[in-house]
Structure formats: C-alpha cells, structure tokens
Amino acid sequence: MKRNTWNNREVVLGVTGSIAAYKACELASRMTELGAKVIPVLTHSAAELVGPSTFEAITGQRAVTAMFDSLQNPDVEHITVASRASLFLIAPATANILAKAANGLADDWLSTTLLVTRAPILFAPAMNTNMYAHPATQANLNTLRARGCHFVGPESGRLACRTVGPGRLIDPPVILEAASLLVDDRDDLADKRVLITSGATREALDPVRYLSNRSSGKMGYALALEAMARGAQVTVITGPTEIAPPHGAERIDIETAEEMAEAVAQRLPETDVFVAAAAVADYRPAHAPSVKQKRTGQPLQLELVENPDVLGRACSQRKHGQVLVGFAAETGDLEEMGREKLRNKPVDLLVVNRVGPGQCGFGAGSLDALILDGSATVTDLGHVGKETVAQAVFDRVAQSLRGRAPTETHI
Ligand code: PMT
C-alpha cells in the first residue's frame, strides 16, 4: 500500500494575490483530506480574491490574514508556526512574494515567517508572462533556488490577462506531487550515492553554433530531489540548462557528450545508483572550426561522428551491486522500443517516455511513460508529473538495493 506522507503534518499554505488564488482551495482541500493540518495564510491581495472563510471551511483552521492575528489566536504566532511546519507551500506565488522572499523583506505574516522557518519552501509561481520573464523576477527565482527553495511550474498556457505564454499556475495535482516529496521523510536511500545525468549536451559546429536538443533538465531535477528526499548523496552531471539542480546536490557542469562520458567515468566506481536521464547527442560534428563559418551560397554538408554511449559504457563496466537506470524518449510504440533498447543497454530499469509534436516530455512538467525492468516487465505510469516518475523510479531502485550486496568501493 502507498504510504500517506501527509498524515499529521503541519503545512503552511501561503496564498498570494494572483487570479489563480481560487486554485489554492483545491490544494487546501486535498492536503486536509490526506490528514495534514493546513494553516491557510492569505496576503491582503489574496483575501480580496478569495474569502478567508472559504479556506477556514475547507481546512477547519483559522485563516491568517494579518500580522497580529496571533494576538487573538496564539496557535498562529509566526515563530511557533515557522518551527512546527513541515512545509511552506506558496501557491499561487506572485512576482511580489518572490521579490520579497529573495530580498528578505518582512512586511506581513507570510514574508516574515518565510524568514524564520527552516522547513522546506515550495513556490508555485503564477503571473503575467512579461512579469515572469522580467530580469528582476528571473534574478529573484535564481536567488531563491540558490538558497534551496523549491519550485514547481509555472506552465505555459492561456493566462487570465488574455495572453498566452509561461506564467500559468501549474495544475494542483502536480503541485501536490512536488509538495508530497518535500514532506516525506523516507530514508531508504540513506548513505547511497546516486549519480544522475541531466539536460542536453551541446556539440559545437563552430565557436558560436552547436547541435543540441530540447531537454530542459526538469526530469533530472525531479530525480535529484526525490533521491535527496530519501537520504541519498546526489551528484548531477548536467548539460547547460535554465534550471539548476536542487540545492544540496553536487553539480558538475559539462557541455559535450565526451565531457559527460568523462565525468561519469570518474564518478561511476563510487556510485551505488546511476540514472541516465540526459538527452545525450549521439553524434557530433567531425570538425568544429575555431572561426565562425560564413555563408557560401552553396549547400553545406556536415560530417558527423559517433559520440561515446555513456550509459552503454556504464552497462559494460558495472560493478557488483550497482543499479543502473536508463531513459528513452521515443516517438513510436513505447513498449516495443523499450524492449529493443533494453537488449542493447541491459539496465535494471528503463523509463520509456513519449515525445514528439504536441506530446509532453522535453521541457514539460509531466511525462507519458512506461517503466520496463531488467526482465522486461512493464508498468504503465500513464501521463504523470515528473515527480511521480522520479518517485516510481526510486521506489524500484530502493527495492532492488535491498536485495543486493553494497557497492565495494566507498572511500
Ligand atoms: O530534461 P527534460 O526536459 O525534463 O526532458 C526529459 C527527457 C525527455 C530528456 C528524459 O525523460 C529522457 O527521455 N531522457 C533520455 C533521452 C533519450 O532520448 O535518450 P536516448 O534514447 O537517446 O538514450 C537512451 C539512454 O542512453 C538514455 O538514458 C541516455 O541518457 C543514454 N545515452 C544516450 C546516448 C549517448 N550517447 N549516451 C547515453 O548515455
């Protein structure tokens, strides 16, 4: 039976003044149903959009709307709540609360308590596309990420301001998945070293151009977060991506497949679990001139040579007790493609996910995926958040490790 990680957990649900504030009611309702004590905290603007009494009816708790509410209700005194809470979930999170949190402002209950708490903080941003893309907001997001705050979404879509683009609050079930990882206290990967490849590689054509793909690093990020939540020491070898691996994971930046192969080869001997989520370029230009190439008025032919197969090498060099996990992004029949890939790369688990025009996968928050194990038993995960994929992967990895001897060389 699946463990309920929410039971008896205290969660602060910070709701800020986005039009998506009404969606926080669904979050409050679901977490309460799962057994969490949810303290709803509404900023002044949020309370204009959704009535505090709605949250009170859903959660059975007094909603905090002002700094001095604790004078009437000592149970919501901010220092006490900050130390009791297992999680601060800010959904929706406006550009304003992100700016306040990044700069340490403390002018209301929520921003003040965010400075006090040592609980994990998860922001689900929602705002107009231009506000989201603004360098000030992006700088604030980077600052908060570097400090160890977590993010889920936003996604792209039609916004209330009638524009289309990134900034829409990601669906509440996806927010809950991310939140449940953070309130989870499983430690079935304690003392295990997990190595993850993530993102795309870039193969230079000349000093300014390269061949690459659409991998965003989100899958690698979700895997790292899940492995850390279960107590593992995590190293992420990442191609250039917009999102940094989560705080607490060791990060090794690479650009090309050859650099990735070298970084993996160095780390593999001391690794218990290797998860290859990166989209590695199979080929690179045979020659990359050191000067920028000019138009010639003639068709250009590229000669490509094969890159090292990073996971393939790990399969042939695997040590006793190591668990290997591969990913495969496919456009055809997932199961058939997966079985074929397993024949070439005999990993313990293979996550086969659907990609292609109009499909989820690269850059999205979710995957349409199957998991095949070493004996080619298939589990269809369906269309789920990348957090759920990560959880399913490490459930199986932990199970597999329980049945194996430990890796020999821990230095
Ligand atoms: O980063 P996101 O935007 O979140 O997207 C996630 C993802 C779609 C990139 C991810 O879910 C995924 O599917 N990763 C594998 C991409 C892929 O197509 O792999 P592949 O079929 O080319 O390779 C199969 C496996 O071998 C992969 O584990 C890959 O990391 C590995 N490989 C491939 C080529 C190579 N030269 N070296 C490798 O190690």
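Residues numbered from 1 in each chain as written. Predicted model: local features only at pLDDT ≥ 70, side-chain atom pairs only at ≥ 80, totals over all residues. Heavy atoms only, no water.

### Section: the overall build of the chain
No. 1: Across its full length, the chain holds 14 helices and 19 strands.
No. 2: In terms of C-alpha radius of gyration, the chain reaches 23 Å, essentially the compact-globule figure of 22 Å for 411 residues.
No. 3: In terms of overall dimensions, the chain has a C-alpha envelope of 70 × 60 × 40 Å along the principal axes.
No. 4: Taken across its 411 residues, the chain has 51% of its residues classed as buried.
No. 5: Expressed as a percentage of contacts within the chain between residues at least 6 apart in sequence, the contacts between residues at least 24 apart total 68%. (Helix = DSSP H or I, 4+ residues; strand = E, 2+ residues; numbered from the N terminus. Rg over C-alpha atoms; globule rule 2.2 N^0.38 Å. Buried < 20%, exposed > 50% of the residue type's maximum accessible area, 1.4 Å probe, protein only. Contact = heavy atoms within 4.5 Å.)

### As for the site of the ligand
No. 1: Inspection of the region around the ligand gives 27 residues, with Ser-215, Ser-216, Ala-276, Lys-341 and Gly-363 positioned closest.
No. 2: With respect to the ligand, the backbone of Gly-217 contributes an N or O atom lying 2.8 Å from an oxygen atom.
No. 3: Separating an oxygen atom of the ligand from a backbone N or O atom of Gly-363 is a distance of 2.6 Å.
No. 4: Looking at the shell around the ligand, the elements with two or more residues in it are helix 10 (218-229), helix 12 (310-317) and strand 16 (323-330). (Near = heavy atom within 4 Å. Polar contact = N/O pair within 3.5 Å; in protein donor to acceptor, adjacent residues only side chain to side chain.)

### Describing the packing of aromatic side chains
No. 1: Using the criterion set out here, one finds one aromatic pair in the structure.
No. 2: With a centroid separation of 5.4 Å and 25° between ring planes, the pair formed by Phe-123 and Phe-151 is classed as stacked. Taken together, the positions of Phe-123 in strand 4 (residues 121-125) and Phe-151 in strand 5 (residues 150-151) put the pair 28 residues apart, joining distant regions of the chain.
No. 3: Judged by its relative accessible area of 11%, Phe-151 is buried.
No. 4: The ring of Phe-151 has Arg-145 lying over it, and the distance from NZ or CZ to the ring centre is 5.0 Å. (Phe/Tyr/Trp six-rings, centres within 6.5 Å; stacked < 30°, edge-to-face > 60°. Lys NZ or Arg CZ within 6 Å of the ring centre and 35° of its normal.)

### Re helix 13 (residues 334-344)
No. 1: Those residues of helix 13 not exposed but buried are Leu-334, Gly-338 and Leu-342. For helix 13, the buried positions fall inside an angular range of 65° around the axis, keeping them on one side. Exposed and oriented more than 90 degrees from the buried face of helix 13 are Glu-336, Arg-343 and Asn-344.
No. 2: Buried positions along helix 13 lie against strand 16, strand 17 (349-354) and strand 18 (366-373). (Arc of directions from axis to C-beta.)

### Section: the environment of Asp-206
No. 1: Position of Asp-206 among the secondary structure elements: in the loop between strand 9 (203-204) and strand 10 (210-211).
No. 2: Counting along the chain gives 87 residues from Asp-206 to Gln-293, while the straight-line C-alpha distance between them is 6.7 Å.
No. 3: Apart from residues lying up to four places away in sequence, Asp-206 is in contact with Pro-289, Val-291, Lys-292 and Gln-293.
No. 4: Side-chain polar atoms of Asp-206 contact the side chain of Arg-209, separated by 2.4 Å.

### A few points about the pattern of salt bridges
No. 1: Going through the model one piece at a time under the given rule, you end up with 20 salt bridges.
No. 2: Among the ionic pairs, Arg-251 bridges to Asp-253, the shortest N-O distance being 3.0 Å.
No. 3: One salt bridge in this structure joins Arg-318 and Asp-348, with 3.0 Å as the shortest N-O distance. Of the two residues, Arg-318 is situated in the loop between helix 12 and strand 16 and Asp-348 in the loop between helix 13 and strand 17; the sequence distance between them amounts to 30 residues. (Salt bridge = Lys/Arg side-chain N within 4 Å of Asp/Glu carboxyl O.)

### Considering helix 10
No. 1: The first and last C-alpha atoms of helix 10 sit 16 Å apart over twelve residues, in line with the 16 Å expected at 1.5 Å per residue.
No. 2: Of all twelve residues in helix 10, nine are buried; the element is thus mostly enclosed.
No. 3: All buried positions along helix 10 are accounted for by Met-219, Gly-220, Tyr-221, Ala-222, Leu-223, Ala-224, Leu-225, Glu-226 and Ala-227.
No. 4: At the exit of helix 10 stands Gly-231, carrying a positive phi of roughly 95°. (Expected span 1.5 Å × (residues − 1).)

### Focus: the domain arrangement of the chain
No. 1: Annotation of the chain at the domain level lists domain 1 (10-183) and domain 2 (193-282 + 301-402).
No. 2: Relative to domain 2, the C-alpha centre of domain 1 lies at a distance of 31 Å.
No. 3: Listed as interface residues are 13 residues of domain 1 and, on the opposing side, ten residues of domain 2.
No. 4: Among the residues domain 1 hides against domain 2, the three largest losses belong to Arg-145, Glu-177 and Leu-181. Together they make up 53% of the total.
No. 5: Inspection of the region where domain 1 meets domain 2 yields zero salt bridges.
No. 6: Remark: the boundary between domain 1 and domain 2 carries one residue pair in polar contact (both at pLDDT 80 or more).
No. 7: Counting only elements with at least two residues in the side of domain 1 that touches domain 2, the list comes to helix 8 (135-146), strand 5 and helix 9 (172-183). (Domains from an automatic or database assignment. Buried area = accessible area lost by both parts, 1.4 Å probe.)

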